[in-house]
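Here is how the chains run, residue by residue.
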Amino acid sequence: MTRPDLLRVEGVTKTYPGVVANSDVSFAISQGEIHALLGENGAGKSTLVKMIYGLVKPDQGRMTLRGASYAPVEPRAARASGVAMVFQHFSLFEALNVAENVALGMENPPPMKELASRIRAVSQEYGLPLDPARMVGDLSAGERQRVEIIRCLLQDPKLLIMDEPTSVLTPQEVDILFKTLRQLAAEGTAILYISHKLEEIRALCDEATILRRGKVVATCTPRERSAREMAELMVGATLTPPARAGGNKGVVALEVADLSVASPIPFGTSLKNVSFRVAKGEVLGIAGVAGNGQDELLLALSGEVKAARDAVRIDGAGIGDTDPTTRRKLGLVAAPEERLGHAAAPDMSLVENALLSGAVRQNLTRNGFIDWPATERFAAAIVADFDVRTPGTQVAARALSGGNLQKFVVGRELSQSPSVIVINQPTWGVDAAAAASIRQAILDRAAGGAAVVVISQDLDELLEIADSFAALNEGRLTTPRPVAGLTVDEIGLMMGGAHGMEVAHHGH
Amino acid sequence: MIRLEKRPSPSRFWQGATPVLAVVLTMIAGGLMFAALGKNPFDAIRTIFWDPLFHPQFASYSRPQLLVKAAPLILIAIGLSLGFRAGIWNIGAEGQYIMGALLGAGVGLAFYPADLWFIFPLMVVAGAFGGWVWAMIPAILRTRFNTNEILVSLLMVYIAENILSSMSLGLLRNPEGGGFPGSRNLSQYPAASNPEMIAGTGMHWGVIAALMAVIAAYVLLQRHILGFHIKLAGQAPRAARYAGVNPTGLVLLCMGISGALAGLAGLFEVAGPAGRISIDFNVGYGFTAIIVAFLGRLNPIGILLAGLLMALTYIGGELAQFMLGLPAAAIQAFQGMLLFFLLAVDLLSNYRIRLGYKKEAI
């Protein structure tokens, strides 16, 4: 069956100062096709779809939509041509309800009552039940994504672009989403699906275009390739999974018992009776859909948010009400998810940022006076050990790419010979090779006797490095279980299943 | 079309060059204003910037005035700059200056006419304490009840001004002053006075305190972990909490230092150049110091230079009023222009200006 091409991209090139984001990229999507755009972080996927959605203008090359030349100057023009996009990061107002949020994204919104009934109709038709009157602040991440999808569907798109849609979903929610996408494709809507999750792509997509360093390196039919083959095309190298020492675990180093704290973040999730223990040499992986208390758990463990004294214990001593400095002295290091502004000060140099959390354990001050030469050596050692690509240690943190800054931040914490390590999203935004080396470094610290808590939304990562596994769901933590023998279904249920979202597919 | 592009790292060149550019632009715009007022702009600029130092007739009077005016500005601005760096906005230095002067002078006058060596040192301590207490009020209200320290510290100025009037009419009024408002003249009470140390230079204890404050602030910001935490809290508050900075402690510390330094400035002024408490004792040093702090880019060395420059425009401005008949409002507008241009061209250190059409809309 040959279907007519809906969108053709021919020889598109986009250069930013110092980086070629896309170089001579060509591919085509036909009507009703689910087309995967596959590549590592920084491979140029985002730039490419931004050009299709009218956010960025290509330097060279051309695009055609249904045979006609297509060069959207802004997203509005793209939407008018039938191209819609669901972003990875939602643009929703938490204090408004679903219908109001949808109306804000429309050119000429109909009256609220009519819009609400249209939302209901579309959500029923595509198996995405959603109450238009509910406040977005109260919705789960999966339901928020539905708001974004329904906002797109109301425009009756010919091409729907989805950027990493499953990063915020549980496995069960992913199933519901895939059903919807297949139904849309069957009705003739083309879907451009961006991801780096290979199994999903094999399950869902008809065709895949693989990008590496801004170039198309392969096109393939995902069902006919193994995930490993595609991964190697994507990375361009043979991947070696991290090696781990066999696990005789020591005594309990970090104990959290009945930890409850109110979230300091507006619309955040408060922690409710969180309990777990991590022994020396053990890696506890904590999964969960974004916004289920991960940030709060890190803050409560790092000392930025205080709790009851005995809710957090290190080596038996209660530290729940102490500040970050005291905890660092006891050997606890923490790496928050947000790099710029939380883990690092954007306008300060790498040397100053090394001092930021390293001052206590690295003895970088004497009577309060900073030992700058020692701090510089510490920063230089992090840069060297963790392969941080930077012109020097005097560069401002904000000048580094996200992945490089992540390597610096994680490296800074791991370089302090910690006895307890808490990391939120350790490999967020770094390329596969660097991610592998970060995971290896974490495992090495565990092998050296550190108790490690890794909070991550990447299930594959957790299953690869964790000894035991738990999930955060609406601020509650499930009882940790050994990773060995866990199935994906069980993990999904631990993460909250489908969050009460029913599959409402009608047989069309 | 003109557009701004964020630099990857702040430009070191422009960080140093913007104050100079701001002064030049102020001279141009101020010159146009003076011309519009019917004065020769070159004469006016020369009278403001050159004559106070080098005029054969007036310089002998106005040159010592430079240090006398610059010292309180620098001393107050140094304190304010620490808070401003940490994102703590003490706008009420004028009130802290008044309270330092009142408490310091009050302690001195309480000993009148005893001649004891410790009176002046005790007044210095009392002056700093007076300013510190006045700054602690907005600080504690902020840390306890989350009030806005900008508003509270500003309103505390008006309270201090009323206390000053009441004191110069009541408790501190000179019993031998024939009923006129105002206290005894401390410069005529050697144990409590802050005299000019070398005749004709304007040098007094306040100048020494200002220089010491500049050096101490420089060391604090460059070498000490506390200075690092102050900068961190201003630039990235969440990173500061992560680093272990206690926000409450930082507010109390920064407000306390700025209040104490403003109080000291008030004490040195009342015991030295002003000589006595009077209803119109305060002349706006506390507010002008805010300009000085920003003109000096919140950098101690910059503040030293900015304080001298600002003192020069004060003295030169008075000279221009007297010599050329320029209205006082024109001089104030001129000083306002200086801050305006400084803040405007400050953009250049973090952004570069690009001419031409936008390539893409993001």
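Going by an unreviewed UniProt entry, chain B carries the name ABC transporter permease and comes from Pseudotabrizicola algicola.

The name given to chain A in an unreviewed UniProt entry is ABC transporter ATP-binding protein, with Pseudotabrizicola algicola as the source organism. The UniProt entry for chain A carries this comment under Subcellular location (unreviewed entry): "Cell membrane".

Another aspect to go through is the overall build of chain A. Of regular secondary structure, chain A possesses 16 helices and 23 strands. For 508 residues, the compact-globule estimate of 2.2 N^0.38 gives 23 Å, and the C-alpha radius of gyration of chain A, at 24 Å, lies within 12% of that figure. Each principal axis of the C-alpha atoms in chain A carries an extent, and together these give about 70 × 45 × 40 Å. Counting over 508 residues, chain A shows a buried share of 57%. The long-range share in chain A, meaning contacts at least 24 apart out of those at least 6 apart in sequence, stands at 67%. For chain A, the exposed surface amounts to about 20300 Å²; the carbon and sulfur share of it is 50%. Here chain A contributes 51 positively and 59 negatively charged side chains, and the mean placements of these two sets differ by 2 Å.

Next up on the list: the interface of chain B and chain A. On the chain A side, the residues contacting the 26 residues of chain B number 37 residues. Carbon and sulfur atoms make up 54% of the surface buried where chain B meets chain A, a total of about 2500 Å² over both sides. The three residues of chain B that bury the most area against chain A are Phe228(B), Arg238(B) and Tyr242(B), which together make up 30% of that side's buried surface. In this structure, the connection of chain B to chain A is made through 1 salt bridge.

Quick look at the pattern of salt bridges now. Residues and elements named next belong to chain A. A complete count under the given rule lists 31 salt bridges over all chains for this structure. As a salt-bridge pair, Glu143 and Arg134 come within 3.4 Å of each other at their nearest N and O atoms. The exposure class assigned to Arg134 is partly exposed, which follows from its relative accessible area of 32%. With its nearest N and O atoms 3.8 Å apart, the salt bridge here joins Arg223 to Asp206. A residue pair is termed long-range when its members are at least 10 positions apart, and Arg223 in the loop between β10 (215-220) and α8 (227-235) and Asp206 in the loop between α7 (198-204) and β9 (207-212) qualify at 17 residues. Looking at Asp206, the relative accessible area reads 22%, which means it is partly exposed. Within the structure, one salt-bridge network assembled from shared partners comprises Asp5, Arg8 and Glu10.

Spanning 14 residues, helix α12 (residues 372-385) of chain A covers 20 Å between terminal C-alpha atoms, matching the ideal 20 Å at 1.5 Å per step. Listed in full, the buried residues belonging to α12(A) are Trp372(A), Ala374(A), Thr375(A), Phe378(A), Ala379(A), Ile382(A) and Val383(A).

A few words now on the sheet that holds strand β7 (residues 159-163) of chain A. Residues and elements named next belong to chain A. Overall, mixed pairing links the 6 strands, which are arranged β6-β7-β8-β3-β9-β10 in an open sheet. Both outer strands of the open sheet, β6 (83-86) and β10, are each paired with one neighbouring strand and no more. Strand-to-strand twist of the sheet, defined as the mean angle between neighbouring strand axes without regard to direction, takes the value 20°. Of the pairings in the sheet, the one linking strand β3 (residues 34-38) to β9 comprises 4 bridges and is parallel in character. Each bridged residue has a counterpart across the sheet, and for His35 the counterpart in β9 is Glu207. Packed on one face of the sheet, helix α1 (residues 45-52) meets β3, β6, β7, β8 (190-195) and β9 and runs near 155° to β8. In this fold α8 packs onto β3, β9 and β10, with an angle of close to 35° to the strand it touches most, β9.

On the surface, a nonpolar cluster with roughly 550 Å² of combined accessible area is contributed by Phe369(A), Ile215(B), Tyr218(B), Val219(B), Ile301(B) and Leu305(B). Elements represented by at least two residues in the nonpolar patch include exactly α8 (205-223) and α13 (300-324) of chain B. The biggest single contributor to the nonpolar patch is α8(B), with 3 residues.

The next thing to look at is unusual backbone geometry. Omega for the bond connecting Tyr112(B) with Pro113(B) falls within 30 degrees of zero, at 0°, which places this linkage in the cis form. Along the chain, the position of Pro113(B) falls in the loop between α5 (93-110) and α6 (119-145). Even without glycine at this site, Asp156(A) takes up a positive phi of about 50°. With respect to the element layout, Asp156(A) can be found in the loop between α5 (141-153) and β7. At Asn146(B), a position not held by glycine, the phi torsion is positive, near 60°. Inspection of the secondary structure puts Asn146(B) in the loop between α6 and α7 (149-169).

Residues and elements named next belong to chain A. Ordered by their spatial adjacency, 4 strands build an open sheet running β12-β11-β14-β15, and the pairing between neighbours is antiparallel. A single partner strand is all that each edge strand has here, and the edge strands are β12 (271-279) and β15 (317-318). Taken together, the 2 bridges between strand β14 (residues 312-314) and β15 define a ladder with antiparallel strand orientation. Its bridge partner being in β15, Ile314 is matched across the sheet by Ala317. Along the sheet face, helix α9 (residues 294-302) touches β11 (252-261), β12 and β14 and points at about 60° away from the line of β12.

What follows is about the packing of helix α9 (residues 225-235) of chain B against helix α11 (residues 247-271) of chain B. Residues and elements named next belong to chain B. The N-to-C vectors of α9 and α11 enclose an angle of 105°; their axes lie 11 Å apart at closest approach. In terms of orientation, α9 and α11 fall into the roughly perpendicular class. Taking contact as the criterion, the partners of Leu226, His229, Ile230 and Ala233 in α9 are, on α11, Leu250, Leu253 and Cys254. By residue class, the composition of the contact of α9 with α11 is 6 nonpolar, 1 polar and no charged.

Cut-off values and rules
Residues numbered from 1 in each chain as written. Chains lettered and ligands numbered in written order. Predicted model: local features only at pLDDT ≥ 70, side-chain atom pairs only at ≥ 80, totals over all residues. Heavy atoms only, no water. UniProt positions renumbered as here; feature names shortened; annotations may be inferred. Helix = DSSP H or I, 4+ residues; strand = E, 2+ residues; numbered from the N terminus. Rg over C-alpha atoms; globule rule 2.2 N^0.38 Å. Buried < 20%, exposed > 50% of the residue type's maximum accessible area, 1.4 Å probe, protein only. Contact = heavy atoms within 4.5 Å. Areas by Shrake-Rupley, 256 points an atom, 1.4 Å probe, with all protein chains shown as cover. Lys, Arg positive; Asp, Glu negative; His and termini not counted. Charge placed at Lys NZ, Arg CZ, Asp CG, Glu CD. Buried area = accessible area lost by both parts, 1.4 Å probe. Salt bridge = Lys/Arg side-chain N within 4 Å of Asp/Glu carboxyl O. Expected span 1.5 Å × (residues − 1). Pairing = 2+ DSSP bridges. Axes fitted to C-alpha atoms, helices over the stretch in contact; angles between N-to-C directions. Patch = residues over 30% accessible without salt bridge, like charges linked within 9 Å, V, L, I, M, F, W, Y side chains within 5 Å. Parallel < 35°, antiparallel > 145°, perpendicular 65-115°, else oblique. Nonpolar A, V, L, I, M, F, W, Y, C, P; charged D, E, K, R; others polar.

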